[in-house]
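# Understanding the architecture of this molecule
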Amino acid sequence: MPPNRKKRVMIFGTFDILHLGHFHIFMKARKMGDEVVAVIARDINVQKIKGQKAFHSEQERKFILSRIDLIDHAVLGDKKDVYKMIKKMKPYIILLGYDQTNFADKLQENLEKNNLKTKVVRAKPFNSRHYKTTKIKEYLNRFL
């Protein structure tokens, strides 16, 4: 890494209903580098991948994440090319959630194709029986 370049850590997600598991990732990313970039899934991609809309819109999720001190940059991902922000921002590290699989299968191949020396690190779960967005939504649905 060049001497004056910041050690950029990139995280990806929907970041819809924030919980302690998300903050665990934010803190881990902060410890790993000098700059944390959160790439927020676009509404159209959330619908395709999860089969339902996010509770908050992409603009709302970006607004919320941009107010969190652990995150330096909250950016919207690309609607078509999920790897576009990686090519553009050239992170030193990509920190994936323990259960993140949607684009992870071709991530290493994409990094090599674009001649990026980015390290890929997978986070350990943080009390995943309790702090997982799908479980929180299931719980909330019992009361709605």
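Data block above holds the structure.
Residues numbered from 1 in each chain as written. Predicted model: local features only at pLDDT ≥ 70, side-chain atom pairs only at ≥ 80, totals over all residues. Heavy atoms only, no water.

## Quick notes on the pattern of salt bridges
- Scanning the entire structure with this criterion turns up six salt bridges.
- Between Arg8 and Glu35 there is a salt bridge whose closest N-O contact spans 2.6 Å. Here Arg8 is found in strand E1 (residues 8-13), whereas its partner Glu35 is found in strand E2 (residues 35-40), with 27 residues between them in sequence.
- The buried category is assigned to Glu35, whose relative accessible area is 7%.
- For Lys87, the salt bridge is made with Asp81, and the minimal N-O distance between the two is 2.8 Å.
- The class for Lys87 is partly exposed, based on a relative accessible area of 28%. (Salt bridge = Lys/Arg side-chain N within 4 Å of Asp/Glu carboxyl O. Helix = DSSP H or I, 4+ residues; strand = E, 2+ residues; numbered from the N terminus. Buried < 20%, exposed > 50% of the residue type's maximum accessible area, 1.4 Å probe, protein only.)

## Looking at the sheet that holds E1
- In spatial order, the strands read E3-E2-E1-E4-E5; together these five strands make up an open sheet with parallel pairing. Bordering the open sheet on either side are strand E3 (73-76) and strand E5 (119-122), each of which pairs with just one other strand. Shown here is a sheet whose adjacent strand axes are inclined to one another by a mean of 25 degrees, direction ignored.
- Where E1 meets strand E4 (residues 93-96), three bridges bridge the pair, whose relative direction is parallel. Bridging from a neighbouring strand, Met10 pairs with Ile94 of E4.
- In this fold helix H3 (residues 58-66) packs onto E2 and E3, with an angle of close to 170 degrees to the strand it touches most, E3. (Pairing = 2+ DSSP bridges. Axes fitted to C-alpha atoms, helices over the stretch in contact; angles between N-to-C directions. Contact = heavy atoms within 4.5 Å.)

## Considering the side chain of Asp16
- Checked against the element boundaries, Asp16 lands in the loop between E1 and helix H1 (20-32).
- Owing to a relative accessible area of 5%, Asp16 belongs among the buried residues under this scheme.
- Of note is the side chain of Asp16, whose polar atom sits 2.8 Å from the backbone nitrogen of His56. (Polar contact = N/O pair within 3.5 Å; in protein donor to acceptor, adjacent residues only side chain to side chain.)

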